[in-house]
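A closer look at the structure
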Amino acid sequence: MNNKSFCTIADVADLIPGLREVRQHLHQNPELSNEESDTAALVAEKLQSLGFKVTSSVGGHGVIGSMTLGTGKRSIGIRADMDALPITELTGVSYASQSPGKMHACGHDGHTAMLLGAAEQLARSKNFSGTVNLIFQPAEEIGFNSGAERMLAEQLFERFPCDAVYGLHNHPGYPVGKMMFRSGPFMAACDTVNITIHGKGGHAARPHMTVDPILVASSLVVALQSIISRNIDPNETAVVTIGSLHSGHAANVIPETACLEMSVRSFDSGVRKILEDRIRTLVSNHAAGYGARAEIEYVPGYPVLVNHDKETAFALEVAKELVGEENVVENLAPISGSEDFAYFLQQKPGCFLRLGNGDSAVLHNPAYNFNDESLSFGAAYWARLAERYLADE
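As a convention, each chain's residues are numbered from 1 in the sequence order in which they are written. Only residues with pLDDT of at least 70 are given local features in this predicted model, and only at 80 or more are side-chain atom pairs given and counted; all residues enter the totals for whole chains, interfaces and linings. As a convention, hydrogens and water are excluded, and side-chain values are obtained from all of the structure's heavy atoms.

The name given to the chain in an unreviewed UniProt entry is Amidohydrolase, with Rahnella laticis as the source organism.

A look at the sheet that holds strand S10 (residues 238-246)
Ordered in space as S10-S12-S8-S13, the four strands form an open sheet in which the pairing is antiparallel. Each having just a single partner strand, S10 and strand S13 (293-299) make up the two edges of the open sheet. With direction set aside, neighbouring strand axes in the sheet form an average angle of 20 degrees. Strand direction decides the pairing type here: strand S8 (residues 189-198) and strand S12 (residues 257-266), joined by ten bridges, are antiparallel. Its bridge partner lying in S12, Asp191 is registered against Val264. Only when DSSP finds a minimum of two bridges between them are two strands counted as paired. For helices the rule is a DSSP run of H or I covering at least 4 residues; for strands it is a run of E covering at least 2, with both sets numbered from the N terminus onward. Angles here are taken between N-to-C directions and fall from 0 to 180 degrees, while the axes themselves are lines fitted to C-alpha atoms, restricted in helices to the stretch in contact.

Looking at the packing of aromatic side chains
One pair of aromatic rings is described through two measures. These are the centre distance and the angle between the planes. To pair, rings of Phe, Tyr and Trp, with the six-membered ring standing in for Trp, must have centres within 6.5 Å; the planes then decide the type, stacked if under 30 degrees apart, edge-to-face if over 60, and tilted in the middle. Applying the stated criterion across every chain, the model contains six aromatic pairs. For the pair Phe341 and Phe344, a centre-to-centre distance of 5.6 Å together with 70 degrees between the ring planes defines the contact as edge-to-face. One end of the pair, Phe341, and the other, Phe344, are both in helix H9 (residues 341-347), three residues apart, so they sit about a helical turn from each other. Residue Phe341 shares its accessibility class with Phe344, and that shared class is buried. Taking 5.2 Å as the distance between ring centres and 35 degrees as the angle between the ring planes, the aromatic pair formed by Phe341 and Phe352 counts as tilted. You can see Phe341 sitting in helix H9 and its partner Phe352 sitting in strand S16 (residues 350-356), a full eleven residues away along the chain. The cut-offs for exposure are 20% and 50% of the maximum accessible area for each residue type, with area from a 1.4 Å probe on protein chains only; residues under the lower value are buried, those over the upper are exposed, and the others partly exposed. When its relative accessible area of 0% is taken as the criterion, Phe341 is described as buried. Overall, Phe352 belongs to the buried group, its relative accessible area being 0%.

Some points on the UniProt feature "domain: Peptidase M20 dimerisation" (unreviewed entry) in the chain
UniProt positions are given in the numbering used here, feature names are shortened, and annotations may be inferred rather than shown by experiment. Feature annotation in UniProt assigns "domain: Peptidase M20 dimerisation" (unreviewed entry) to the following positions: residues 192-289. Regarding residues 192-289, the helix share stands at 41% and the strand share at 31%, and the terminal C-alpha atoms are separated by 24 Å.

Here's the deal with the environment of Leu245
Mapping Leu245 onto the fold places it in strand S10. Judged by its relative accessible area of 36%, Leu245 falls in the partly exposed class. In this structure Leu245 touches Ala217, Val221, Cys259 and Leu260, once residues within four positions along its chain are discounted. Whether two residues are in contact is decided by their heavy atoms: any pair within 4.5 Å suffices.

What about the sheet that holds strand S4 (residues 130-137)?
With mixed pairing, the eight strands of this open sheet are ordered in space as S1-S2-S4-S3-S5-S16-S6-S15. At either margin of the open sheet sits one strand with a lone partner, and together these are strand S1 (53-58) and strand S15 (328-329). Sheet topology places strand S6 (residues 179-180) next to S15; two bridges connect them, and they run parallel. Among the inter-strand pairings, Met180 is bridged to a residue of S15, identified as Val329. Strands S1, strand S2 (62-69) and S4 of the sheet are contacted by helix H2 (residues 37-49), whose axis makes an angle of about 10 degrees with S2.

Some points on the side chain of Thr112
Mapped onto the fold, Thr112 is located in helix H3 (residues 108-125). Take Thr112: its relative accessible area is 0%, and that puts it in the buried class. At 3.1 Å, the side chain of Thr112 and the backbone oxygen of Asp81 are in polar contact. Polar contact criterion, stated in full: a pair of N or O atoms within 3.5 Å, where within protein one must be able to donate a hydrogen and the other to accept it, and residues adjacent in sequence count only if both atoms are side-chain atoms.

Topic: the packing of helix H6 (residues 213-231) against helix H7 (residues 269-289)
Viewed as axis vectors pointing N to C, H6 and H7 meet at an angle of 145 degrees, and their least axial separation amounts to 10 Å. The way H6 lies across H7 gives a crossing that is right-handed. Within the contact between the two elements, H6 uses Val216, Ser219, Leu220, Ala223, Leu224, Ser226, Ile227, Ile228 and Asn231 and H7 uses Ile274, Leu275, Arg278, Ile279, Leu282, Val283, His286 and Ala287. Rotating anticlockwise by less than a right angle from the far helix to the near helix defines a left-handed crossing, while the corresponding clockwise rotation defines a right-handed one.

Observations regarding the packing of H2 against H3
Axis angle and axis distance: for two packed helices, these are the angle between their axes and the distance between the axes, and together they describe the pair. Where H2 meets H3, the closest approach of the two axes is 10 Å, and the angle between their N-to-C directions is 10 degrees. Our classification of the angle between H2 and H3 gives roughly parallel. Only Thr112, Leu116, Ala119 and Glu120 of H3 make contact with H2, whose side of the interface consists of Leu42, Val43, Lys46 and Leu47. Residues were grouped as follows: Ala, Val, Leu, Ile, Met, Phe, Trp, Tyr, Cys and Pro as nonpolar; Asp, Glu, Lys and Arg as charged; and all remaining residues, including Gly, as polar. For the contact of H2 with H3, the residue count by class is five nonpolar, one polar and two charged. When describing relative orientation, an angle under 35 degrees is termed roughly parallel and one over 145 degrees roughly antiparallel, while 65 to 115 degrees is termed roughly perpendicular and anything else oblique.

Quick word on the environment of Ala313
As for its placement among the helices and strands, Ala313 is situated in helix H8 (residues 309-323). Taking the C-alpha atoms as reference, Ala313 lies 26 Å from Ala123; in sequence the two are 190 residues apart.

Structural data, given as structure tokens:
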């Protein structure tokens, strides 16, 4: 093992045509959360061919590839998510999804391909001493009872010990090859709130004889925004978004109920608690003020993703070595999106980072596509990170 020579982008250049083929195959054959059987089989077959010890069906369709070399005692975990989204693709590319209503609109096809590239580089260079655990995770997009939660419930880190764990996500709007970091709270907690307003239906011509749930729901949409402006410290960040409001079926009928669906995001556990308390109180009292009744289902989602200082500093150092200091953002603003990698970071120290995807459509957009020019950066970074972490000193 050569401690002074770690993976560079040039070292993985010969792997890129194959990684592009894998990425585009995954893009063409997307699988939703908890349905990733074919993706998992492809990953397992590739890892086995490279000499990794493979464990499948961890937390659903999760796959772990482990390799131990030398006498080193340390171990590192690197994670890629595999699932797609229920979106109809509008990219127009030749390898567009062949599954109607399903597409890789978040780049998990690219995440999977990059980690497979790192696996191939590590297997052939054998430039580390210790254990690499490559974690291919299912069901990140589902929002609750996710792949990360289920893998942990099946004793992920007890079965595959990791001294630190790392993950990344592509980031539209930043140049390819740009790497972005932030220590501490980085991505938001996300809770879902389902509200049903129970009123009293009747004829549209006699509203005085009804309790109109549409009126209650409409005014509630506005009232809920006061929680951010009047109950949350202006120095904190929080988001309350009502993404769905459904009620009624006819112009001349006041319906019995109205249903709202909300997304609630925060970066602090105290703020998260305030949001839940205020939403429950405001919704109940607001409905009662109109003579209606509110039924509230509050569904806790992913927690705040908190990067650890030491591991983030190390990840930053490796990025600067690989792409140059000018291509590294050390303190990216917090991201209001959510990520179940947060559960891993609650159990193990580590870092979640972002990798530029160029001028692509935004995530979860039907025109989004992972940028294949990023494959070399991601594969080389993961290989170098593992080599550096497991350097035989």
